[in-house]
Every structure is written in structure tokens, then in C-alpha cells.
Amino acid sequence: MSIATNIESLQIDLKPIGVTLVAVSKTKPQTAIMEAYEAGQRIFGENMVQELVEKQEALPKDIEWHLIGHLQTNKVKYIAPFIQLIESVDSIKLLKEIDKHAAKHDRVIDCLLQVYIADEDSKFGLDHAELVELLRDPEFASLQHVRIRGLMGIATNTENEKVIKAEFYELKMLFDGIKASFFRQQDSFDTLSMGMSSDYQLAIEHGSTMVRLGSTIFGKRVIKHVKNKDAEN
Ligand SMILES: *Cc1c(COP(=O)(O)O)cnc(C)c1O
């Protein structure tokens with residue numbers, strides 16, 4: 001199957017049920033992105049700031065870029081002029097930095113709070129207590145240039161569907177609870193980003209509104225070994 005046919009058949013499945021498709025193009029060349037673009041795809045996700053900035057400069061300006069990987073505060077300035085959605089916000093410190101740079105560009109930047117749901121210690125994200133703490137932080141209430149659109153989570157990388165289902169269930173419950181407690185008046189808190197190539201059908205069954213698919217669209221990536229997770233970006 002070609003990239004174009006992959007995009008077309010995914011959109012036929014996802015559009016009618018209101019699930020947004022993020023094409024995860026990390027490590028993939030610009031030609032591959034353009035093939036997806038020509039097939040109608042406009043939302044792309046990257047996890048490294050430098051790669052994202054290079055692609056954004058070179059590719060059509062109506063592409064909506066999502067950052068899906070860990071973001072260091074000192075890199076926010078590079079993406080603040082154009083980023084559509086930062087899916088991986090995991091601290092008040094980062095949120096304040098995003099707010100600051102968004103203000104400089106007279107923008108409001110949409111963000112998702114990344115929640116840690118996996119049974120692995122290598123994953124980034126907030127636990128439930130940290131999430132509530134962030135939302136109750138008086139500094140959070142004062143931020144004018146960020147808008148929290150919802151939550152993002154990554155399930156455990158396992159074949160065990162029971163584990164994955166339990167994690168997606170937990171995240172959906174958390175999403176509903178957080179919406180009721182903190183965003184009752186805000187219709188813009190509407191996004192639950194969960195599901196990757198191996199588990200997106202389960203994620204949709206459990207209430208996902210946004211799936212992030214890489215290998216299903218573009219084929220397998222060459223594995224890169226990252227020694228230190230803090231060096232990822
Ligand atoms: C790489 C990545 C994906 C896509 O993974 P696939 O298994 O190729 O679909 C989705 N979400 C995040 C956060 C990623 O880093």
C-alpha cells in the first residue's frame with residue numbers, strides 16, 4: 001500500500017466518527033510528507049524540535065504541525081511562531097514558557113497535558129496528582145496565551161490487550177473527570193489524544209478523539225537508540 005492509499009483509507013474510517021488523524025512523520029523525508037499532503041492530509045506530528053523546524057520551513061504553510069515529543073523549555077522559542085498543538089506539556093514551568101513565547105508572537109497556543117498511563121518508567125507525563133496540582137496552580141489561571149485542549153497519553157508497548165484497554169479506560173475516565181471539574185464551561189477542552197499504530201482501534205473504542213499514526217501510514221521507522229531520554233530533543 002502507498003502512503004496516499006493509507007491516508008485515504010484511514011480518513012474514510014476516521015472522519016465519519018470524528019477522530020482526528022495526526023500523521024506522525026518523524027524520521028521520514030519531506031517527499032513522504034508531500035505524498036500524504038497530496039492525498040489530503042494536513043496534520044503532521046513530529047517529536048524533535050530541530051527536525052520539526054526544518055520541515056516546517058520547507059513544506060507548505062497550510063500544514064498544521066503538532067509536537068508530540070518531550071519539549072525542553074529552552075526549545076519553545078523555535079516552535080512558538082507556528083506550532084498548532086503541543087501534545088506533550090508535562091509541567092507548569094513548560095506551560096509558562098510556552099505562554100511567554102506565544103505572547104511575543106501575539107498568539108494563543110493550544111496544548112494537551114500529557115498524562116503518564118503506561119506501565120513503564122521510560123515515559124514522560126504527569127501522574128494524576130501532578131495533573132490536578134498543575135490545574136489548581138494560581139499561576140496556571142493567570143496564563144493568557146495558552147489554551148488547554150485536552151489530554152494525551154501513551155499506552156504500554158505490549159501485546160497484552162487487557163493492559164492497553166485498562167490504560168485507555170483510565171485515561172478516558174480521567175479526561176471526563178478533569179473536564180467536569182476544571183473545564184465545565186469550556187467547549188474547547190475537547191481533545192483526547194490516545195492511540196498509535198499498534199493500538200489505535202482500542203483507543204477509539206475507549207473514547208479517543210485524536211490518533212497519532214506513524215508506521216501505519218509511512219511504514220516502519222529505522223530504530224534509533226537513545227541513550228539518555230533527556231537528550232531526545
Ligand atoms: C512515534 C510516535 C507515535 C507514532 O508511532 P507509530 O507506532 O509509528 O504509529 C505516536 N505518538 C508518539 C508520542 C510518538 O512518539
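Rules of the game
Residues numbered from 1 in each chain as written. Predicted model: local features only at pLDDT ≥ 70, side-chain atom pairs only at ≥ 80, totals over all residues. Heavy atoms only, no water. Helix = DSSP H or I, 4+ residues; strand = E, 2+ residues; numbered from the N terminus. Rg over C-alpha atoms; globule rule 2.2 N^0.38 Å. Contact = heavy atoms within 4.5 Å. Areas by Shrake-Rupley, 256 points an atom, 1.4 Å probe, with all protein chains shown as cover. Lys, Arg positive; Asp, Glu negative; His and termini not counted. Charge placed at Lys NZ, Arg CZ, Asp CG, Glu CD. Near = heavy atom within 4 Å. Polar contact = N/O pair within 3.5 Å; in protein donor to acceptor, adjacent residues only side chain to side chain. pLDDT = per-residue confidence, 0-100. UniProt positions renumbered as here; feature names shortened; annotations may be inferred. Buried < 20%, exposed > 50% of the residue type's maximum accessible area, 1.4 Å probe, protein only. Pairing = 2+ DSSP bridges. Right-handed = clockwise from strand over helix to strand, strands pointing away.

Description of the overall build of the chain
So, step 1. The helix and strand tally for the chain stands at 10 helices and 8 strands.
So, step 2. Here the C-alpha radius of gyration of the chain, 17 Å, is about what a compact globule of 233 residues would show, namely 17 Å.
So, step 3. Considered along the principal axes of its C-alpha atoms, the chain spans approximately 50 × 45 × 40 Å.
So, step 4. The contacts of the chain with a sequence gap of at least 6 include a subset with a gap of at least 24, amounting to 60%.
So, step 5. For the chain, the accessible surface area stands at approximately 11700 Å², while carbon and sulfur atoms represent 50% of it.
So, step 6. Separation between the mean location of the 28 positive side-chain charges and that of the 35 negative ones in the chain comes to 2 Å.

Overview of the site of the ligand
So, step 1. Within the structure, the ligand sits among Val 24, Lys 26, Ile 68, Ile 154, Met 196, Ser 197, Arg 212, Leu 213, Gly 214, Ser 215 and Arg 221.
So, step 2. With respect to the ligand, the side chain of Ser 197 contributes an N or O atom lying 2.5 Å from an oxygen atom.
So, step 3. In this structure, Arg 221 approaches the ligand through a side-chain N or O atom, which is 2.7 Å from an oxygen atom.
So, step 4. Burial of the ligand by the protein chains amounts to 89% of its free accessible area of 390 Å².

Remarks on the confidence of the model for the chain
So, step 1. Confidence in the prediction for the chain averages 94 pLDDT; 94% of positions are at 70 or higher.
So, step 2. Throughout residues 227-233 the model reports pLDDT below 50, and contacts reaching past four residues in sequence, or to other chains, amount to 16 contacts.

As for the UniProt feature "modified residue: N6-(pyridoxal phosphate)lysine" (unreviewed entry) in the chain
So, step 1. Annotation from UniProt places "modified residue: N6-(pyridoxal phosphate)lysine" (unreviewed entry) at Lys 26.
So, step 2. As for its placement among the helices and strands, Lys 26 is situated in the loop between β1 (20-24) and α2 (30-38).

Remarks on the pairing of strand β7 (residues 191-194)
So, step 1. The two faces of β7 match: Thr 191 and Ser 193 on one face and Leu 192 and Met 194 on the other face are all buried.
So, step 2. Relative to β7, strand β6 (residues 146-153) runs parallel, the two sharing 4 bridges. By the bridge assignment for β7, Met 152 is matched with Ser 193.
So, step 3. Since β6 and β7 lie parallel, the crossover through helix α8 (residues 161-182) that links them has a hand, and here it is right-handed.

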